[in-house]
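Letter by letter, the chains look like this.
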Amino acid sequence: RAGIAVMAAQIASHIPTSPLSKIGKPSFVRKWRTTAGKYVNPMIVDTSVLVDGRLIDIAKTGFLFGTLLILPSVVRELHKLADSADSARRKRGRRGLDELAQLRAVKTIKLEVLSREPEGETVDSKLVAVAKKMHAKLLTIDYNLNKVAKISKVVVLNLNELANAAKTAVLPGESLSVQIIAK
């Protein structure tokens, strides 16, 4: 046993240490990349993700980190939906605006509404252009926007794909218990 302790001490003496490890913090602290020195892991957020209602729950789990960037046209789209005469559209718009407000409180992300509107004819074209220019990811659930962004070589984070990937695998022959919780 004494020989093992001596070997462990010798090995430990050859392991490099960082200044952080001397003050009790882990030496493997993640270094976050920034874009243009301003944003950490930038993600451009589409209106569809905000209206969907799952983003806040995902953000609270810690799976998302970095800066969520919102275009002014996305905020205008949400406002227009929230002012709609159609009650279903109005609810979706209000849910999107509520998501924005709640995202500000999540500690693993920073939320920033961009001050300038990028050039482009549609909101989707603006989202893709900004994501490409900033080397940011595009956060969406819109199938067509997903395809256009991938053609434009923009990395897409699709919440529907995440939900499908996180489904529990069920093997043939396994029995399941199903409980209906909504009418």
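The structure under discussion appears in the preceding block.
Residues numbered from 1 in each chain as written. Predicted model: local features only at pLDDT ≥ 70, side-chain atom pairs only at ≥ 80, totals over all residues. Heavy atoms only, no water.

Engineer: Help me understand the nonpolar core, please; the structure alone is not making it clear to me.
Structural biologist: Soluble, globular proteins show a tendency: their nonpolar side chains are buried together. Core analysis: the largest hydrophobic core is formed by 40 residues, its most contacted members being Ile-44, Leu-50, Leu-55, Leu-68 and Leu-103. Examining the composition of this core, we find that six residues originate from one element, helix 6 (residues 123-134), more than from any other. (Core = buried A, V, L, I, M, F, W, Y, C linked by side-chain atoms within 4.5 Å. Buried < 20%, exposed > 50% of the residue type's maximum accessible area, 1.4 Å probe, protein only. Helix = DSSP H or I, 4+ residues; strand = E, 2+ residues; numbered from the N terminus.)

Engineer: Would you mind showing me how to read the packing of helix 4 (residues 72-82) against helix 6 here?
Structural biologist: Each pair of packed helices can be described by the angle between their axes along with the distance between the axes. For the pair helix 4 and helix 6, the least separation of the axes is 10 Å and the interaxial angle reads 150 degrees. Comparing the axis directions of helix 4 and helix 6 gives the class roughly antiparallel. Helix 4 and helix 6 meet at a crossing whose hand is left-handed. Note on element contacts: helix 6 touches helix 4 through Val-123, Lys-126 and Leu-127, opposite Ser-73, Val-74 and Glu-77. Of the residues in the contact of helix 4 with helix 6, the class split is three nonpolar, one polar and two charged. (Axes fitted to C-alpha atoms, helices over the stretch in contact; angles between N-to-C directions. Parallel < 35°, antiparallel > 145°, perpendicular 65-115°, else oblique. Left-handed = near helix turned anticlockwise from the far one by under 90°. Contact = heavy atoms within 4.5 Å. Nonpolar A, V, L, I, M, F, W, Y, C, P; charged D, E, K, R; others polar.)

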